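Listed below are the residues making up each chain.
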Amino acid sequence: MTGFADEALIEVTSGKGGNGCISFRREKYVPNGGPSGGDGGDGGDIIFTVKRNLRTLANLRYHPIIKAKNGGDGQSWNKYGKNGEDRIIPVPPGTTIRDPDTNEIIYEFTTQAEDEQFVFLKGGKGGWGNVHFKTSTNQAPRYAHKGTPGETRKLRVELSIMADVGLVGFPNAGKSSLLTAFTNARPKIAPYPFTTKIPNLGVLNAGEDRDIIIADIPGIIEGASEGAGLGIQFLKHISRTSCLIFMIDVSDENYITAYYTLCNELKSFSEDLYKKPRIVLCNKIDVEGAEERAQEVTAAIKEKEPETVVLSISVMMNKGLGQTRNAVMELVDRLENSGEGATTLIKKEAPEESEFMKLRADFEDDEENVQYPGSEM
């Protein structure tokens, strides 16, 4: 799984504010120059931003310590210190930022909007120089404010891939082959199980201005919801899809129970995932006797789920793929028109503000943190 990272523990620190300057004018022929110390610059902020071209959190996993720049100190002649440079952290769509101790969600990037930003930590305030403290009774103040420190926080960043359709099936059921046939993705394909070890994304072109994103995860085995195999690690990556495609290998001896075993694993992992609309594909009907098995599976599913679309296909022989493509587009369009698509399901309302963000807002509004002239800090 080299190169793929869907979790990262990081430590972020905002910049410290620069100190105010203590300085006095020293000019020829100006005997009473007075104070001229400038203010310190503000420290840089920690800002997360979504980038659609990112697919993993590898940049955070391998660079877990992130610091914004400190503000510059004030200088003489009323020169302000330079503001510290913000540290902008790019993350993929579908990223969730959590408190590592309480597991509380701080923020979720759950839209496909490019450059959505979240200011997580504000930099420290720059201190005031002594020019602010001149009064009629103290015309040569010899003090200035120090800059306020930045903040440091540890975070757990998680990624759940955002897609319209998720592929579900046992190892070697043909999911990667279908993804290759439908999209521009080129996952590894081989005639043995577990060739897919990381999630893959592909884009199905559904028209001039319409793309459908399909996510393929490693094959699920019985017991995956309890940690068996690779599936449990990646089931979260199809949790945000609007619908699912179940791939059933009807050339396998367990063809009749495969669908219900997959359903049970999804239900054990997440009730919401189990309830998603679906299409069932009976694959490999080119194998002798498999077409009859596909009809048997179709009859069994239709008896309990008459609304579920079940299609017989052979990805290898390109049988039934046109009908499957149309069924997928029709289902995704119907869900989006009803407000249940992947892009409309998520964040219909503003996310509830986390405890940390509430505390931060209270801190920023606290009058004690405002630097007033004459109050040494």
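Residues numbered from 1 in each chain as written. Predicted model: local features only at pLDDT ≥ 70, side-chain atom pairs only at ≥ 80, totals over all residues. Heavy atoms only, no water.

Asks: Before we move on, could you go through the overall build of the chain and cite the residues and values that matter?
Replies: For the chain, the helix and strand inventory stands at nine helices and 14 strands. A total accessible area of about 19300 Å² is found for the chain, and carbon and sulfur atoms account for 48% of it. (Helix = DSSP H or I, 4+ residues; strand = E, 2+ residues; numbered from the N terminus. Areas by Shrake-Rupley, 256 points an atom, 1.4 Å probe, with all protein chains shown as cover.)

Asks: Any chance you could break down the pattern of salt bridges for me, citing the residues and the numbers?
Replies: Across all of its chains, the model carries five salt bridges by this definition. Ionic pairing is found between Lys122 and Asp45, a salt bridge with its closest N-O pair at 3.4 Å. Here Asp45 lies in the loop between β1 (7-13) and β2 (46-50) and Lys122 lies in the loop between β7 (117-121) and β8 (152-159), a separation of 77 residues in the sequence. Residue Asp99 is joined to Arg153 by a salt bridge in which the shortest nitrogen-to-oxygen separation is 3.3 Å. With a gap of 54 residues between them, Asp99 in the loop between β5 (95-98) and β6 (105-109) and Arg153 in strand β8 connect regions that are remote in the sequence. Members of the salt-bridge network, linked through shared partners, are Arg98, Arg156 and Glu158. (Salt bridge = Lys/Arg side-chain N within 4 Å of Asp/Glu carboxyl O.)

Asks: Give me helix α4 (residues 255-269): which residues, what numbers.
Replies: Helix length check: α4 (15 residues) gives 22 Å between terminal C-alpha atoms against 21 Å at 1.5 Å per residue, within 8%. For α4, the complete set of buried residues consists of Tyr255, Ala258, Tyr259, Thr261, Leu262, Cys263, Glu265 and Leu266. Those residues of α4 that are buried are in contact with β9 (165-169), β12 (243-249), α5 (271-274), β13 (278-283) and α6 (290-304). (Expected span 1.5 Å × (residues − 1). Buried < 20%, exposed > 50% of the residue type's maximum accessible area, 1.4 Å probe, protein only. Contact = heavy atoms within 4.5 Å.)

Asks: Go over the nonpolar core, please, and point to the residues and values.
Replies: Val165, Leu178, Ile214, Ile245 and Leu281 are the most contacted members of the largest nonpolar core, which has 24 residues in total. Broken down by secondary-structure element, the contributors of at least two residues to this core are β9, α2 (175-182), β11 (211-216), β12, β13 and α7 (321-337). Ranked by residue count, the leading element in this core is α7, at seven residues. Among all residues touching Leu281, those that are not within four sequence positions of it are Leu178, Ile245, Phe246, Met247, Ile248, Leu311, Ile313 and Thr324. Counting 23 residues, the second-largest nonpolar core is a separate cluster that includes Leu244, Leu266, Val280 and Val310. (Core = buried A, V, L, I, M, F, W, Y, C linked by side-chain atoms within 4.5 Å.)

Asks: I'd love a proper account of the pairing of β8, names of residues and values included.
Replies: In terms of burial, β8 is a largely internal element, six of the eight residues being buried. With seven bridges connecting them, β1 and β8 associate as antiparallel partners. By the bridge assignment, Val12 is partnered in β8 with Arg153. Strand direction decides the pairing type here: β5 and β8, joined by four bridges, are antiparallel. Across the sheet, Ile97 pairs through a bridge with Val157, a residue of β8. (Pairing = 2+ DSSP bridges.)

Asks: Before we move on, can you summarise the sheet that holds β9 with the specific residues and values?
Replies: Hydrogen bonds along the backbone pair up the strands of a sheet, which may run parallel or antiparallel. Spatially, the six strands line up as an open sheet ordered β10-β11-β9-β12-β13-β14, and their pairing is mixed. Only two strands of the sheet have a single partner each, and these edge strands are β10 (200-205) and β14 (309-312). The sheet shows a mean angle of 25° between the axes of neighbouring strands, taken without regard to direction. Bridge analysis of β12 against β13 gives six bridges, and the strand direction is parallel. Among the inter-strand pairings, Ile248 is bridged to a residue of β13, identified as Cys282. In the packing of α6 onto the sheet, the strands contacted are β13 and β14, and the crossing angle to β14 comes to about 180°. (Axes fitted to C-alpha atoms, helices over the stretch in contact; angles between N-to-C directions.)

Asks: Just give me the short version of the confidence of the model for the chain, but keep the residues and values in it.
Replies: Residues shown with low pLDDT carry predicted positions that ought not to be read at fine detail. Looking at the chain, pLDDT values average 80 and 77% of them are 70 or higher. Confidence, expressed as mean pLDDT per element, reaches its minimum in the chain at helix α8 (residues 342-345) with 45 and its maximum at strand β3 (residues 65-67) with 95. Predicted confidence for residues 223-231 stays below pLDDT 50, and this span has 19 contacts to residues more than four positions away or in other chains. In the predicted structure, residues 343-351 sits below a pLDDT of 50 and forms 16 contacts with residues beyond four places in sequence or in another chain. (pLDDT = per-residue confidence, 0-100.)

Asks: Talk me through α2; I want residue IDs and the actual numbers.
Replies: For α2, the full list of buried residues reads Lys175, Ser176, Leu178, Leu179 and Phe182. For α2, the buried positions fall inside an angular range of 160° around the axis, keeping them on one side. The inward-facing, buried residues of α2 abut β9, β10, β11, β12, β13 and α7. (Arc of directions from axis to C-beta.)

Asks: Account for the packing of α4 against α6, with residues named and values stated.
Replies: Where α4 contacts α6, the axes come no closer than 9 Å and their chain directions differ by 40°. With respect to each other, α4 and α6 are oriented oblique. Along this stretch, α4 crosses α6, giving a crossing that reads as right-handed. Taken together, the residues of α6 that come into contact with α4 (itself represented by Tyr255, Ile256, Tyr259 and Tyr260) are Arg293, Glu296, Val297, Ala300, Ile301 and Lys304. A class-by-class count of the residues in the contact of α4 with α6 yields seven nonpolar, no polar and three charged. (Parallel < 35°, antiparallel > 145°, perpendicular 65-115°, else oblique. Left-handed = near helix turned anticlockwise from the far one by under 90°. Nonpolar A, V, L, I, M, F, W, Y, C, P; charged D, E, K, R; others polar.)

Asks: Which residues make up the pairing of β1, and what values go with them?
Replies: In the sheet, β1 pairs with β3 via three bridges, with the strands oriented parallel. Bridging from a neighbouring strand, Val12 pairs with Ile66 of β3.

Asks: So what's going on with the packing of aromatic side chains? Residues and values would help.
Replies: The tally for this structure, following the rule as stated, stands at seven aromatic pairs. A ring pair is formed by Phe118 and Phe120, whose centres lie 6.0 Å apart and whose planes are at 50°; its orientation type is tilted. The class of Phe118 is buried, set by a relative accessible area of 8%. Given a relative accessible area of 0%, Phe120 falls into the buried group. Geometrically, the ring pair formed by Tyr259 and Tyr260 is edge-to-face, given 5.2 Å between the ring centres and 75° between the ring planes. (Phe/Tyr/Trp six-rings, centres within 6.5 Å; stacked < 30°, edge-to-face > 60°.)

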